[in-house]
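Fold and geometry: a report
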Protein chains: 2
Amino acid sequence: MSVTIYDIAAKANVSIATVSRVFNNHARVSPRTRARVLAVAEELGYQPHASAQSLARKKTSLVAAIIPMMTNYFFVEVIRGLQDRLAESDLDLIVYSTLTLNEVDVQLERALQRGLASGVLLFATPMTPARVARLQRSSQPVVLVDSFHADFDCVSTNNREGGCRAVQHLIDRGCTRIGMIMAHPESLPAADRRIGFEQALRQAGLPLREEWIVVSEDMKQHGFTEEAGYQAMKTLLARRTRPDGVFVTSDLQALGALQALHEAGVAVPDEMALIGFDDIKISRYVGLSTLRQPMYEMGRVAVDKLLGRMEQPERPTSHTVFSPALVVRRSTAGEQAQEKGFLAWPLDHT
Amino acid sequence: MSVTIYDIAAKANVSIATVSRVFNNHARVSPRTRARVLAVAEELGYQPHASAQSLARKKTSLVAAIIPMMTNYFFVEVIRGLQDRLAESDLDLIVYSTLTLNEVDVQLERALQRGLASGVLLFATPMTPARVARLQRSSQPVVLVDSFHADFDCVSTNNREGGCRAVQHLIDRGCTRIGMIMAHPESLPAADRRIGFEQALRQAGLPLREEWIVVSEDMKQHGFTEEAGYQAMKTLLARRTRPDGVFVTSDLQALGALQALHEAGVAVPDEMALIGFDDIKISRYVGLSTLRQPMYEMGRVAVDKLLGRMEQPERPTSHTVFSPALVVRRSTAGEQAQEKGFLAWPLDHT
DNA sequence: CTGAAAGCGCTAACAT
DNA sequence: ATGTTAGCGCTTTCAG
C-alpha cells in the first residue's frame, strides 16, 4: 500500500538504516547517498508512518489539550495560539473538550496512559492532590493553563489583580455599593478574582456585603455560563438594596446578567454598572467592559513551555502570569465609552 | 516502564495472544482465563499502547478535523457535536485549524499520508478536482462538512434555500431594494447563498442590481470576517442609491456591517434591514436576524457518517442536508422582533 | 559512512 | 481454548 523505508531503500540501493538516518538528520551520511535517498523518497512520495515512529521512538507527535468548557470562547482563542505554535514544531493537537471535571480525569487517563500524547495541556482544572499525584507519576510533561501548581509549568492571568482592577474601575466611576457574581468557587480563577474583589473593597473602605455576592451553585462548566449569570443577576435584583456596580467573573456570565438587567428594566450603567472578565469576542459587540486576557499569546507560551520541558525534563518549572488589561466600554462608561461597541447601533432607530 | 501484555501474560500464566484476545473480545476465551487476565490487568493498571495497536491493526483511533477558520464560531459549535459523538466510540479528535486553503492541503496530507488519522472530517473546503483525486486515492474515509461532492459523504445546510428565505423575509418586511454582501465566491456556501438570493429576487420580480452586491476579494477566511463585512458595507453605503435591505453571507460579516452602519448613522432596520447566516452565539446578543444552522447536530451526523463508512467502505455515499431556520430579530423586525436579544438593554438608559 | 539485526507493543493467522 | 510466530514500519545499537 503505502510506501515505506524498505521501498525507498531498495530503490536507492541502501539499507533501511541509512534511509532512517537521512530522515532523522542523524549521524554522518555521505552527501551523495543522502541526496539519492531524498530524491527517491520525493519521487515515491514517502511519508514516515506516524504509529511506527511513535512505537520505535517511544514518543508520539501528539499533544493533547484538555479543555473543560470549550463553549467558553475564551478557550477557542487560546487554541489558536496552541495550534500555531504546535504547527511550527510539527506536532499535532488532540482536543478533548469536557463538560465536567470527572470527564477531565477520564480524558487525562486516556491521553496519558495509552501513550497517545507526549504532552498535555491541561486547562482550567483545579489541582487536587489526586490529580497532582497522577500527573507526577506519568512521564509526559504537563502544562497548566489557567490554573496553578508549583510543581508544573503554568501560564495564567493574574486573576487577583484583575478582580482588583475591575472593582477599582467601578469605584472610579463612582460606584459605592459593589457586588459580585461568582462562578463556582472550586474554580481557581473565580476564587482568585474574588480575592481581588475583596481586597479592592477593603482598600477603598467600601462595604463588603454578602448579600451582594452571588455564588453559582451550578457545577456545569463551573458556573461560567450565561444561564448562571442570568440567574445570579435575578437573585441580586431581588435584594432589598441593590448594588450599583457588579463585577462578574466572566464575560459569558455577564452576558446573561445583562439579559436579566434588561428584562428588569434596569439602566446600565446608570442604575447598575457591570464589568466582566476575559474579553471574548462578543463583549465588544455588546459594549461590555471587561478585563482582557491575552488568549492567543497564552496559547503560544503554553506550548513553548511544553516543548521546553520535553527537551529538558529536569529544568525548573516556571509560571508565566499575564496581567489582564482593563477594557472600558459602555457597560461601565455609558456614552463616554472609549470603545463604543455595537450596542450603540439600535439607539439610532429608536 | 509501562506495563505490556507480556507482563500480564506472564503473571496470568497465559500467552500474549490470549491477553490480546481478551482485550479485543475476540474468539472464544474461557470465562475463567478471561477473568484471570482481566484481574491481573486491572491490578497492574494495564492500558494498551496506542501506537502499537495502530501499527498492528493498520488503523488508528484518531479522527482528524480540518477546519479552515475556527475563528468562525460556527465551527466551534460543530466541534462539540463531533466530540460528543466521537467519545461514544472511543475515538480521539485531532484538530487542525488553518487560515488558508493551501494549509488545508498541507494538513490533509499530514493527516492522511502518515497514517495518523483513520478518518477525516473536512470542513468548508471547495472540492477541486485535485483534492477529489487526492482524497480518493487515500484509503481513509472522508466526510465533507459544509461542502459537497457526490463521491463523498456530506453534511451541510441548504444554502440556496437559506439565501432564498433570507431575501423572502426582507421582502415580506417591505424591502424593495435588496442588496447582498458576499464572502469570497470560491466558498461554495457563499456561492449557493447567492444563488438563493438571486432566485428569490427573480421570483418576486424585484431588481437585481450589481451595485448592490458587494463581493469580498479577501481570501483570508474566504472573506468570512467582520473586517470584510465592515468594508463591504462601507462600499455599499457609498452607492448613489442604497439598498433598504441586505442579506449577508454570514453573521460574522454582518457584525462588521452593523458596525459600519452604526458609524454612518444609518438606522437599522428602518433605513436598512440586515440579515445574516449561521446564528452564531453573538447574533442573539446583538439582535441580528439570521438563518440558523443546526451546528451541534451537524457535527454528530458527520461523525455518524464517518463511522458508518469505516465499517462499510463500500456503502453508497449520502448527503444530509439540513434546512436553515429563519430567526427574526431586531435587525429586520425592529422593536417587534420576537427575539429581542440584548441590543435592547442600552435603550433603557438613553 | 553504511549495513545487519534486534526490538517497540500489539494483532492475527496458523497450529495444537 | 490457547500458544507460536510472523509481522506492522521505524529507530537504534553494534559491527564492519
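Right, let's walk through the structure included here.

Cut-off values and rules
Per chain, the residues get numbers from 1 upward, laid out in the order the sequence is written. Chain labels run from A onward and ligand labels from 1 onward, assigned in the order the entries are written. A pLDDT threshold of at least 70 governs which residues receive local features in this predicted model, and a stricter bar of 80 or more applies before side-chain atom pairs are shown or counted, although totals over entire chains, interfaces and linings include all residues. Each side-chain value is derived from all of the structure's non-hydrogen atoms; neither hydrogens nor water enter the calculation. When the sulfur atoms of two cysteines come within 2.5 Å, that pair is taken as a disulfide. The nearness test applies per residue and asks whether one of its heavy atoms lies within 4 Å of the molecule or strand. Identification of polar contacts relies on pairs of N or O atoms within 3.5 Å, with a donor-acceptor requirement for protein atoms, meaning one able to donate a hydrogen and the other able to accept it, and with residues adjacent in sequence counted only if both atoms are side-chain atoms. The numbering of helices and of strands both runs from the N terminus, where a helix is a DSSP run of H or I of at least 4 residues and a strand a run of E of at least 2. Each residue receives one of three labels: charged for Asp, Glu, Lys and Arg, nonpolar for Ala, Val, Leu, Ile, Met, Phe, Trp, Tyr, Cys and Pro, and polar for the others, Gly being one of them. The contact criterion used is simple: two residues touch if any of their non-hydrogen atoms lie within 4.5 Å. Put simply, buried area is how much 1.4 Å-probe accessible surface two parts lose in total, over both of them, once they are put together. Salt bridges are identified by distance alone: a Lys or Arg side-chain nitrogen within 4 Å of an Asp or Glu carboxyl oxygen. Here's how the labels work: a residue is buried when its accessible area is under 20% of the maximum for its type, exposed when over 50%, partly exposed in between, all with a 1.4 Å probe on protein chains only. What a helix is expected to span follows from its residue count: subtract one and scale by 1.5 Å. The pairing criterion for strands is at least two bridges between them, as found by DSSP. A fitted line through C-alpha atoms serves as each axis, taken over the contacting stretch for helices, and the angle formed by two N-to-C directions is quoted from 0 to 180°. Should an angle fall under 35 degrees it is taken as roughly parallel, and over 145 as roughly antiparallel, whereas 65 to 115 is taken as roughly perpendicular and any remaining angle as oblique.

1. Things to note about the state of the cysteines
Summed over all chains, the structure comprises 0 disulfides over all chains. Considering cysteine sulfurs only, A:C164 is the nearest to A:C175, which forms no disulfide, with 15 Å between them.

2. Overview of the protein's contact with DNA strand C
Near DNA strand C there are 29 residues, and of these A:R21, A:R28, A:S30, B:I5 and B:Y46 occur at the shortest range. Here the atoms of DNA strand C within 4 Å of the protein split so that 61% fall in sugar or phosphate, with bases taking the remainder. Within the side chain of A:K58, an N or O atom sits 3.3 Å from a sugar or linking oxygen of DNA strand C. Taking B:N24, its side chain carries an N or O atom lying 3.4 Å from a phosphate oxygen of DNA strand C. Of all the secondary structure elements, the ones that give two or more residues to the surface near DNA strand C are α2 (16-23) and α4 (50-57) of chain A together with α1 (5-12), α2 (16-23) and α4 (50-57) of chain B. Tallied by class, the residues present in the surface near DNA strand C amount to 13 nonpolar, 11 polar and 5 charged.

3. Focus on the interface of chain B and chain A
The figure often quoted for interface size is the accessible area lost as the parts come together. Listed as interface residues are 65 residues of chain B and, on the opposing side, 64 residues of chain A. Across the interface of chain B and chain A, roughly 6200 Å² is buried in total on both sides, 59% from carbon and sulfur atoms. Inspection of the chain B/chain A interface yields 6 salt bridges. The partner of A:E226 in a salt bridge is B:R284, with the nearest N and O atoms 3.4 Å apart. Our enumeration of links across chain B and chain A arrives at 15 residue pairs in polar contact (both at pLDDT 80 or more). Elements with a contribution of two residues or more to the side of chain B that touches chain A: α4, α5 (73-88), β2 (92-97), α6 (101-113), α11 (251-263), α12 (281-286) and α14 (330-333) of chain B. The residue makeup of the side of chain B that touches chain A, split by class, is 30 nonpolar, 21 polar and 14 charged.

4. What about the side chain of A:Q107?
Residues and elements named next belong to chain A. Relative to the helices and strands, Q107 resides in helix α6 (residues 101-113). Classification of Q107 as buried rests on a relative accessible area of 9%. Those residues in contact with Q107, other than ones at most four positions away along the chain, are I66, Y96 and T98.

5. Description of helix α10 (residues 226-237) of chain B
If you check α10(B), its first and last C-alpha atoms are 16 Å apart, about what 12 residues at 1.5 Å a residue would give, namely 16 Å. Among the residues of α10(B), those classed as buried are B:E226, B:A228, B:G229, B:Y230, B:A232, B:M233, B:L236 and B:L237. Contacts made by the buried residues of α10(B) are with α12 (281-286) of chain A together with β6 (178-182), β7 (213-215), β8 (245-248), α11 and β9 (273-275) of chain B.

6. As for the sheet that holds β7(B)
All names here are of chain B. The sheet built from 4 strands is open, its strands ordered β7-β6-β8-β9 with parallel pairing. Each end of this open sheet is capped by a strand with a single partner; those strands are β7 and β9. Between one strand axis and the next, the sheet turns through 15° on average, direction left out of account. Note that β6 and β7 share 3 bridges and pair parallel. Residue pairing in the sheet places M180 in a bridge with I213 of β7.

7. A short note on the packing of helix α5 (residues 73-88) of chain A against α5(B)
It is the contact of α5(A) with α5(B), at a shortest axis distance of 11 Å, that shows an interaxial angle of 100°. Relative to α5(B), the element α5(A) is oriented roughly perpendicular. Residues A:Y73, A:V76 and A:E77 of α5(A) form the contact with α5(B), whose own contacting residues are B:Y73, B:V76 and B:E77. Residue composition of the contact of α5(A) with α5(B), by class: 4 nonpolar, no polar and 2 charged.

8. Observations concerning the protein's contact with DNA strand D
Around DNA strand D lies a shell of 31 residues, among which A:I5, A:Y46, B:R21, B:R28 and B:S30 are the nearest. At a separation of 3.4 Å, a base nitrogen of DNA strand D approaches a polar backbone atom of A:A52. Separating a phosphate oxygen of DNA strand D from a backbone N or O atom of B:S15 is a distance of 2.7 Å. Of the residues assigned to the surface near DNA strand D, the class counts are 14 nonpolar, 12 polar and 5 charged.

9. Some thoughts on the pairing of strand β1 (residues 62-67) of chain A
Residues and elements named next belong to chain A. With 6 of 6 residues buried, β1 is to be regarded as a mostly interior element. Burial of the side chains of β1 extends over both faces: L62, A64 and I66 are buried on one face and V63, A65 and I67 on the other. The pairing of β1 with strand β2 (residues 92-97) spans 6 bridges and is parallel. When the sheet's bridge partners are listed, V63 is paired in β2 with L93. Across 4 bridges, the pairing between β1 and strand β3 (residues 119-123) is parallel. Directly across from V63, in β3, lies its bridge partner G119.

All we've got here are geometric facts, nothing functional implied.
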